[in-house]
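# Structural features, examined
Residues per chain are reported as follows:
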Amino acid sequence: PMAVTINTLREYKQKGEAFAALTSYDATFAHAVSSAGVDVILIGDSLGMVLQGHDSTLPVTMEQMVYHTRAVAKGNQGALVVADMPFMSYGTTEQALNNAAELMRAGAQMVKLEGTDWMTDTISALSQRGVPVCAHLGLTPQFVNKFGGYKVQGRDEHHAEQMIEHACLLERAGADVIVLECVPAPLAARITQAVKAPVIGIGAGADTDGQVLVVHDMLGLTPGRPPRFVKNFLAESDSVQDAIKAYVDAVRRRQFPAEEHSFQA
Ligand code: KIV
Ligand code: NA
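Residues numbered from 1 in each chain as written. Chains lettered and ligands numbered in written order. Predicted model: local features only at pLDDT ≥ 70, side-chain atom pairs only at ≥ 80, totals over all residues. Heavy atoms only, no water.

Moving on: the coordination of the sodium ion (ligand 2). Think of it this way: four donors in a tetrahedron around the metal ideally sit 109.5 degrees apart, and six in an octahedron ideally sit 90 or 180 degrees apart. At the metal site, the sodium ion (ligand 2) is ligated by Asp 45 (OD) and Asp 84 (OD), and these contacts range over 2.2 to 2.3 Å. Separated by 39 residues along the polypeptide, Asp 45 in the loop between β2 (40–43) and α3 (47–50) and Asp 84 in strand β3 (residues 80–84) bring together distant segments of the chain. Judged by relative accessible area, Asp 84 falls into the buried class, the value being 3%. (Donors = N, O, S within 2.8 Å, 3.2 Å for Na, K, Ca; no water. Helix = DSSP H or I, 4+ residues; strand = E, 2+ residues; numbered from the N terminus. Buried < 20%, exposed > 50% of the residue type's maximum accessible area, 1.4 Å probe, protein only.)

Another point: helix α5 (residues 93–105). Here α5 contains 13 residues, and its C-alpha end-to-end distance of 18 Å stays within 8% of the 18 Å for a straight helix at 1.5 Å per residue. Of all the residues in α5, the buried ones are Ala 96, Asn 99, Ala 100 and Leu 103. Down the axis, α5 shows its buried residues gathered within 105° of arc, on one side only. Exposed positions of α5 whose direction lies more than 90 degrees from the buried face are Glu 94 and Arg 105. Looking at the buried positions of α5, the neighbouring elements they touch are α4 (62–75), β3, β4 (110–114) and α6 (120–128). (Expected span 1.5 Å × (residues − 1). Arc of directions from axis to C-beta. Contact = heavy atoms within 4.5 Å.)

So, on to the packing of helix α8 (residues 157–173) against helix α9 (residues 185–194). Between α8 and α9, the shortest axis-to-axis distance is 10 Å and the interhelical angle comes to 30°. Taken together, the axis directions place α8 and α9 in an arrangement best described as roughly parallel. Judged by the sense of rotation from one axis to the other, the crossing of α8 with α9 is right-handed. Contacts between α8 and α9 pair Glu 157, Ala 160, Glu 161, Met 163, Ile 164, Ala 167, Cys 168 and Glu 171 from the former with Leu 187, Arg 190, Ile 191 and Ala 194 from the latter. A class-by-class count of the residues in the contact of α8 with α9 yields eight nonpolar, no polar and four charged. (Axes fitted to C-alpha atoms, helices over the stretch in contact; angles between N-to-C directions. Parallel < 35°, antiparallel > 145°, perpendicular 65-115°, else oblique. Left-handed = near helix turned anticlockwise from the far one by under 90°. Nonpolar A, V, L, I, M, F, W, Y, C, P; charged D, E, K, R; others polar.)

Turning our eyes to something else, we now look at unusual backbone geometry. Following Phe 256, the chain continues into Pro 257 via a peptide bond in cis, with omega recorded as 0°. Along the chain, the position of Pro 257 falls in the segment after α11 (240–252). Positive phi values are uncommon outside glycine, yet Met 88 reaches one of about 65°. Relative to the assigned elements, Met 88 resides in the loop between β3 and α5. By relative accessible area, Met 88 is classed as exposed at 53%.

Taken together, Thr 23, Leu 42, Gly 44, Asp 45, Ser 46, Asp 84, Lys 112, His 136, Ile 202 and Val 214 make up the full set of residues near ligand 1. Within the side chain of Asp 45, an N or O atom sits 3.2 Å from an oxygen atom of ligand 1. Here ligand 1 loses 95% of its free accessible area of 260 Å² to cover by the protein chains. (Near = heavy atom within 4 Å. Polar contact = N/O pair within 3.5 Å; in protein donor to acceptor, adjacent residues only side chain to side chain. Areas by Shrake-Rupley, 256 points an atom, 1.4 Å probe, with all protein chains shown as cover.)

Another aspect to go through is the side chain of Ser 89. Within the element layout of this structure, Ser 89 appears in the loop between β3 and α5. If we skip the residues at most four places from it in the chain, Ser 89 touches Met 62, Gln 95, Ala 96 and Asn 99.

Right, let's talk about the UniProt feature "binding site: 3-methyl-2-oxobutanoate" (unreviewed entry) in the chain for a bit. Per the UniProt record, "binding site: 3-methyl-2-oxobutanoate" (unreviewed entry) is annotated on Asp 45, Ser 46, Asp 84 and Lys 112. A maximum C-alpha distance of 12.5 Å among these annotated residues, which run over 68 residues, shows that they cluster at one spot. Looking at the secondary structure, you find Ser 46 in the loop between β2 and α3. Taking relative accessible area as the criterion, Ser 46 reaches 13% and is therefore assigned buried. Polar side-chain contacts of Ser 46 include one of 2.6 Å to the side chain of Tyr 25. Along the chain, the position of Lys 112 falls in strand β4. Not counting residues within four places of it along the chain, the set of residues in contact with Lys 112 comprises Leu 42, Val 82, Ala 83, Asp 84, Met 85, Cys 134, His 136 and Val 179. Only 2.7 Å separates the side chain of Lys 112 from the side chain of Asp 84, close enough to count as a polar contact. (UniProt positions renumbered as here; feature names shortened; annotations may be inferred.)

Turning next to the UniProt feature "active site" (unreviewed entry) in the chain. What UniProt calls "active site" (unreviewed entry) maps, in this numbering, to Glu 181. With respect to the helices and strands, the residue Glu 181 is situated in strand β6 (residues 177–181). What Glu 181 contacts, discounting residues up to four positions off in sequence, is His 136, Leu 137, Gly 138, Leu 139, Pro 141 and Ile 202.

Note on sheets: strands pair through backbone hydrogen bonds, and any given pair is parallel or antiparallel. Overall, parallel pairing links the eight strands, which are arranged β1-β2-β3-β4-β5-β6-β7-β8 in a closed barrel. Within this sheet the neighbouring strands show an average axis-to-axis angle of 25°, counted without direction. Bridge count for strand β5 (residues 133–138) against β6 is five bridges, and the pairing is parallel. The partner of Leu 137 across the bridge, within β6, is Leu 180. (Pairing = 2+ DSSP bridges.)

Right, let's get into the packing of aromatic side chains. Applying the stated rule across the entire model yields six aromatic pairs. Considering the side-chain rings of Phe 233 and Tyr 247, the 5.4 Å spacing of their centres and the 75° angle between planes classify their relative orientation as edge-to-face. Taken as a pair, Phe 233 in the loop between α10 (215–218) and α11 and Tyr 247 in helix α11 lie far apart in primary sequence, 14 residues in all. Of the residues examined, Phe 233 reaches a relative accessible area of 5% and is grouped as buried. (Phe/Tyr/Trp six-rings, centres within 6.5 Å; stacked < 30°, edge-to-face > 60°.)

Shown next as C-alpha cells:
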C-alpha cells in the first residue's frame, strides 16, 4: 500500500471513513502497528509514563523524543509518523522551530503541540516553513499541574464553545490535524464538524474522524485500572498482531469506541 500522507487523512474525512492511530516508541512496535493497517503512528510523550515510569509526561526531553523518533522511523511501513513536542520545547516560536526541525530530521513527518489560542503564531511559523502540525486540545497532559489532575475537559457550555473556537483558530493558523483527548462525545462531534482538518480522538467518542490509543493500553499491559476510554484488544486475540488488526477493524467499523468508552456531557 502507498504511504499515508496528510492528503490520505483528508480523503478519509471527506469520505467519512474512520482511521486508526496508535502510539509506538520503537522500531518493532512501529513495524507491527503499521503492518497491521494503522494509518498514523504517534511517538507520544506518553513514553515518559509508559517506558520511563514517571507519573506525568513533563520529564520527557527533546533528546529522548529524537531517539525514539529515529527508532520508529526505521520500523515504520508507510504510516504517517507524528512526534510529540515535549513539555516546554515550544515555549517560544524560536524554540519550536529549532526543536521541530530536530524531530523532522529524526524522521517525523508531523509534530504535535498541546495548547490553545496562544499557539497560533507558533503553528503559523512551523506551517509556513514546511512542518505539518497536529494541535492537541482538551485534556492536554502537559497541563496536568494547571488542571489539578487528569480530568475530562469541556464539560460546561462555556468551555465547550471556547474549545470549538480554539480548534477553528488553530486550524486557520495552519494546523493540519487536531487531537482531542478526554472531552464529552457530543463536543468532539461538534468540533469534528466545525473544522476541515481531520480530528483524532482519544476518550472523545465515536464521531471523530480517527481514533488513537497508547499501544500498551490497548494490549492490556499498563498496570492498574485502565481509564474508561481504553479497551484491551489482546483479551480476545491470539497475538499482538491480531489485537492490533482487531483494533483497526473496530475503529474502521466505528464499533470502537462504544458508549462505555466515551464520556457524555
Ligand atoms: O503522548 C501520547 O501518547 C498522546 C496521545 C495519547 C494522544 O499524546
Ligand atoms: Na502526548
